[in-house]
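In case you want the letters, here they are:
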Number of protein chains: 2
Amino acid sequence: MRRDVFQAIADPTRRDIIGLIAHRSLNLNAVTGHFDISRPAISKHIKILTQCGLLTIRQKGRDRICEANFKKLNEVSDWVEQYRTFWTNKLDALCDFLDEEATGNKSNQELQK
Amino acid sequence: MRRDVFQAIADPTRRDIIGLIAHRSLNLNAVTGHFDISRPAISKHIKILTQCGLLTIRQKGRDRICEANFKKLNEVSDWVEQYRTFWTNKLDALCDFLDEEATGNKSNQELQK
DNA sequence: TATATTTGCAACCATACGGTTAAATATTCA
DNA sequence: TGAATATTTAACCGTATGGTTGCAAATATA
């Protein structure tokens, strides 16, 4: 089964887990305390996050401490940022123009809505 | 069912579609030509991308021209970038230190691997 | 008008996902 | 050693996902 960062952060619970342990590592039980779902459910989310490298687990006695590994987010950042110029700067206008050229012209108005 | 940008870009085919129409808007048939899956499969991907606002469709005769709407990627960018300091600069060391404090100290070596 | 082209839609299928409960395992503590 | 705690694993369930084929509908073209 596919297991990559994009798929891992697709689930809102998993994004919340990352946000939770960002500043403070927690054991699985403590993580579970912040959600309304069962411990095994959290355990599965943690496993997915671990498999894609977004999270590492440090065993400490019977506890398993979850720590975020943010370097992995670079993959997402890189993918998104390659398109940044398309939505932030003046290239927008150029893009629209090129689209007109490519697809054979039409009123631009419906693009606004 | 949940329909948000994170879930939309989780699928590699959909990320490829976005990359494909980034510089040049295409009709659905042309998009399909770049993949090994059927037209209805592409149509479904396009629908998902449209529902979450990453893509708009402009009808032109019998063609439906797909255009990327990159502004929606801001949502992803914002989420990722809030963690950037955690993996790019000196705060890494501070974070590790705080983890030690919080979880009760242990060799830092296994964090490196 | 007849035909080809582009697309949508319905029905279907196998598998993945996100969740549950219950039992098993491992560690700590009295 | 026995009990409590933390977590994983297994079995299961309903629904979503990503794909298919076949057919209908709308538009363009000969």
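The structure under discussion appears in the preceding block.
Okay, so let's go over this structure. (Residues numbered from 1 in each chain as written. Chains lettered and ligands numbered in written order. Predicted model: local features only at pLDDT ≥ 70, side-chain atom pairs only at ≥ 80, totals over all residues. Heavy atoms only, no water.)

### Here we look at the packing of helix H5 (residues 74-81) of chain A against helix H5 (residues 74-81) of chain B
At their nearest, the axes of H5(A) and H5(B) sit 10 Å apart, and the two run at 145° to each other. Considering the relative orientation of H5(A) and H5(B), their crossing is left-handed. For the pair formed by H5(A) and H5(B), the contact residues are Val76(A), Ser77(A), Val80(A) and Glu81(A) on the first element and Val76(B), Ser77(B), Val80(B) and Glu81(B) on the second. (Axes fitted to C-alpha atoms, helices over the stretch in contact; angles between N-to-C directions. Helix = DSSP H or I, 4+ residues; strand = E, 2+ residues; numbered from the N terminus. Left-handed = near helix turned anticlockwise from the far one by under 90°. Contact = heavy atoms within 4.5 Å.)

### As for the protein's contact with DNA strand C
Residues in contact with DNA strand C amount to 24 residues; listed here are only the nearest, Ser38(A), Lys44(A), His45(A), Asn29(B) and Arg64(B). Counting only the atoms of DNA strand C that lie within 4 Å of the protein, the sugar and phosphate share comes to 72%. At 2.4 Å, a side-chain N or O of Ser38(A) approaches a phosphate oxygen of DNA strand C. At 2.8 Å, a side-chain N or O of Ser43(B) approaches a phosphate oxygen of DNA strand C. Broken down by secondary-structure element, the contributors of at least two residues to the surface near DNA strand C are helix H4 (39-51) of chain A together with helix H3 (28-32), helix H4 (39-51) and strand S3 (63-68) of chain B. At five residues, the largest contribution of residues to the surface near DNA strand C is made by H4(B). Among the residues making up the surface near DNA strand C, the classes are represented as six nonpolar, seven polar and eleven charged. (Near = heavy atom within 4 Å. Polar contact = N/O pair within 3.5 Å; in protein donor to acceptor, adjacent residues only side chain to side chain. Nonpolar A, V, L, I, M, F, W, Y, C, P; charged D, E, K, R; others polar.)

### A few points about the protein's contact with DNA strand D
Asn29(A), Ser43(A), Ser38(B), Lys44(B) and His45(B) are the nearest of the 24 residues found near DNA strand D. Counting only the atoms of DNA strand D within 4 Å of the protein, the fraction contributed by sugar and phosphate is 73%. Here a phosphate oxygen of DNA strand D sits 3.2 Å away from a polar atom, N or O, in the main chain of Leu28(A). Separating a phosphate oxygen of DNA strand D from a backbone N or O atom of Asn29(A) is a distance of 2.5 Å. Breaking the surface near DNA strand D down by element, the ones donating at least two residues are helix H3 (28-32), H4 and strand S3 (63-68) of chain A together with H4 of chain B. The biggest single contributor to the surface near DNA strand D is H4(A), with five residues. Its residues placed into classes, the surface near DNA strand D shows six nonpolar, seven polar and eleven charged.

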